[in-house]
Amino acid sequence: MNLQFTSRELLFRDEVRDFLLSSVPRDISRKLRNDHRLSKDDIVRWQQILNAKGWAVPHWPVEWGGTRWTSVERYIFREEMQAFPAPPPLDFAVDMIGPLLIARGSDEQKRRFLPRIANLDDWWCQGFSEPGAGSDLAALKTSARRDGNKYVLNGQKIWTTMAHYADWMFCLARTAHGEKKQSGISFLLVNMKSAGITVRPIITMEGDHEVNEVFFDDVQVPAENLVGEQDRGWDCAKFLLSNERTTIARVGVSKARIRRIKELAASEHRRGQPMIEDRRFRERLAALEVELKALEMTQLRFLAGEEIDGRTGASDATASLLKIKGAEIQQATTELLLELAGPFATPFAGDEQQMTDDDGGRGLFVSPEWATRAAPTYFHWRKMSIYGGSDEIQRNILARGIFGG
Ligand SMILES: Cc1cc2nc3c(=O)[nH]c(=O)nc-3n(C[C@H](O)[C@H](O)[C@H](O)COP(=O)(O)OP(=O)(O)OC[C@H]3O[C@@H](n4cnc5c(N)ncnc54)[C@H](O)[C@@H]3O)c2cc1C
């Protein structure tokens, strides 16, 4: 099996690189390089640049804006964006609800929503998890009672990422109590401006507002906003979660961070020498690079397999393996960055501080900008082991893939 890109794929990679170089707004790539949070406007702006180029939704059918790229080309495109770095597409929109509507939506839903998703005119959030229904999602209790030509929604969602930006939520709600808890769930599109919706922030340990609680109090949802059949929403949820997993390992993100660590380690001094000269630090960096290379090869091996036997989408076990390892490596890069920042990562960011240990004779210091972001970034990316199915759940899937059952 050939794990090298073909000459055609290398040309395509150059084309993507040239485009990124000329098109990613400088202020946005600077924020990403320094691990600052992107605003809603940053993400929308970039998506609209991609849409103008015709590259907003490469994995969709051509009639809805897709590109006919192979899975390797789609992989190259996403990895190059991560490595540049450019903002990631809003996965709730282009990777989740878009493909679901293409596969299961009514013609009216497709016409109404798909062009607006590609251009990010509407911001989407995912209303699946509830208190008591995360890993065991089918235990959800939010109810949708049919009343004429509408549903009446009551209940609560939790951990809803960027619900405070959202115009729409795709939501799972119970419409019946079947024998199996997976039956009797329906998939609804909920306008977030509807009366009866309250969005309450959850502030995470790094001090950021990204996730929310969302409460529904007699919220009216037009019946035309049901996707697929009533009580069969579980099928939609499974379809949606299995989509576009070619870049689940986020190799490009880790590559970009390792590149940044090397640059910083060459200029940051500790005990009178650049950190890159510190043997222990170098060994850890090298070990991480080897792991990342192995992950990249594993990802490419799966992609090459897809190209050969025409499968689309990684199997559940493959996706789980890539997600677990990708998260571990990405988290390890944030740990290394934190170590590199050392005392500069303390919360007195920007203040003058007195060095207490051997500081190479600098005495008072002001934390450089990148170092003030090292601790929040470290804490922020712990989430990768939880969202989209926790590591333990992924290991269960992996075990079933290996041993059956
Ligand atoms: C930052 C962040 C963003 C999120 N964004 C969204 C979002 O936008 N929309 C949304 O719907 N949800 C979102 N989630 C929710 C996420 O999907 C759930 O947190 C996740 O599925 C875990 O569910 P839980 O929190 O209820 O934990 P639980 O399911 O209660 O799990 C608690 C612990 O028990 C372990 N565990 C549970 N069951 C098993 C088992 N069978 N075998 C072994 N171990 C098990 C878990 O791994 C975990 O360590 C987000 C979560 C986070 C942290």
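Please read these numbers as outputs of a predicted model, since none were measured by experiment.

> Explain the domain arrangement of the protein chain residue by residue, including any values.
As assigned here, the protein chain comprises domain 1 (7–89), domain 2 (124–231) and domain 3 (251–403). Each partner contributes to the interface: domain 1 provides 14 residues, whereas domain 3 provides 19 residues. In terms of surface lost to domain 3, no three residues of domain 1 exceed Asn 34, Asp 35 and Tyr 75, which account for 38% of the buried area on that side. If you look at where domain 1 meets domain 3, you find two salt bridges. Between Arg 30 and Glu 369 there is a salt bridge whose closest N-O contact spans 2.9 Å. The interface formed by domain 1 and domain 3 includes 10 residue pairs in polar contact (both at pLDDT 80 or more). The biggest single contributor to the side of domain 1 that touches domain 3 is helix H4 (residues 71–83), with six residues. Within the side of domain 1 that touches domain 3, the residues separate by chemical class into four nonpolar, five polar and five charged.

> Could you give an account of helix H8 (residues 251–267), with specific residues and numbers?
If you check H8, its first and last C-alpha atoms are 25 Å apart, about what 17 residues at 1.5 Å a residue would give, namely 24 Å. Turning to H8, its buried residues number three or more, namely Val 251, Gly 252, Val 253, Ser 254, Ala 256, Arg 257, Ile 258, Arg 260, Ile 261, Leu 264 and Ala 265.

> Which residues make up the site of the ligand, and what are the values?
Lining the immediate environment of the ligand, one finds 18 residues, of which Ser 129, Ser 135, Thr 161, Ser 390 and Glu 392 sit closest. Within the backbone of Phe 128, one N or O atom sits 3.0 Å away from an oxygen atom of the ligand. A distance of 2.5 Å separates an oxygen atom of the ligand from a polar atom in the side chain of Ser 390. Sort the elements by how many residues they give to the shell around the ligand and helix H13 (residues 391–403) lands first, with three residues. Residues belonging to the shell around the ligand are distributed by class as follows: seven nonpolar, nine polar and two charged. Residues from two domains meet in the shell around the ligand; each of domain 2 (124–231) and domain 3 (251–403) gives at least three.

> Go over the environment of His 269 with me, naming the residues and quoting the values.
Mapped onto the fold, His 269 is located in strand E9 (residues 269–270). Linking His 269 and Asn 149, residues 120 residues apart in sequence, is a C-alpha distance of 67 Å. Of note is the side chain of His 269, whose polar atom sits 3.0 Å from the backbone oxygen of Ser 267.

> Before we move on, could you go through the packing of aromatic side chains and cite the residues and values that matter?
Summed over all chains, the structure comprises 15 aromatic pairs. The rings of Phe 12, Phe 19, Trp 46, Trp 55, Trp 69 and Phe 77 are connected pair by pair, giving a single aromatic cluster. One Lys or Arg, Lys 53, reaches over the ring of Trp 55 and ends 4.7 Å from the middle of that ring.

> How would you explain the nonpolar core if you had to name every residue and give the values?
A general tendency of soluble globular proteins is for nonpolar side chains to be buried together. Ranked by size, the top nonpolar core spans 102 residues in total, and within it Ile 117, Trp 124, Leu 153, Phe 170, Phe 187 and Leu 189 carry the most contacts. Sequence-distant contacts of Leu 153, that is, excluding residues within four places in its chain, are made with Thr 142, Ser 143, Ala 144, Cys 171, Ala 173, Leu 188, Val 190, Phe 216, Asp 217, Asp 218, Val 219 and Val 221.

> Explain the confidence of the model for the protein chain to me, using residue names and the numbers behind them.
Mean pLDDT over the protein chain stands at 91; residues scoring 70 or higher make up 91%. Between residues 354–359, whose pLDDT stays under 50, and residues either more than four places distant or in other chains, the model counts eight contacts.

Basis of the calculations
Residues numbered from 1 in each chain as written. Predicted model: local features only at pLDDT ≥ 70, side-chain atom pairs only at ≥ 80, totals over all residues. Heavy atoms only, no water. Domains from an automatic or database assignment. Contact = heavy atoms within 4.5 Å. Buried area = accessible area lost by both parts, 1.4 Å probe. Salt bridge = Lys/Arg side-chain N within 4 Å of Asp/Glu carboxyl O. Polar contact = N/O pair within 3.5 Å; in protein donor to acceptor, adjacent residues only side chain to side chain. Helix = DSSP H or I, 4+ residues; strand = E, 2+ residues; numbered from the N terminus. Nonpolar A, V, L, I, M, F, W, Y, C, P; charged D, E, K, R; others polar. Expected span 1.5 Å × (residues − 1). Buried < 20%, exposed > 50% of the residue type's maximum accessible area, 1.4 Å probe, protein only. Near = heavy atom within 4 Å. Phe/Tyr/Trp six-rings, centres within 6.5 Å; stacked < 30°, edge-to-face > 60°. Lys NZ or Arg CZ within 6 Å of the ring centre and 35° of its normal. Core = buried A, V, L, I, M, F, W, Y, C linked by side-chain atoms within 4.5 Å. pLDDT = per-residue confidence, 0-100.

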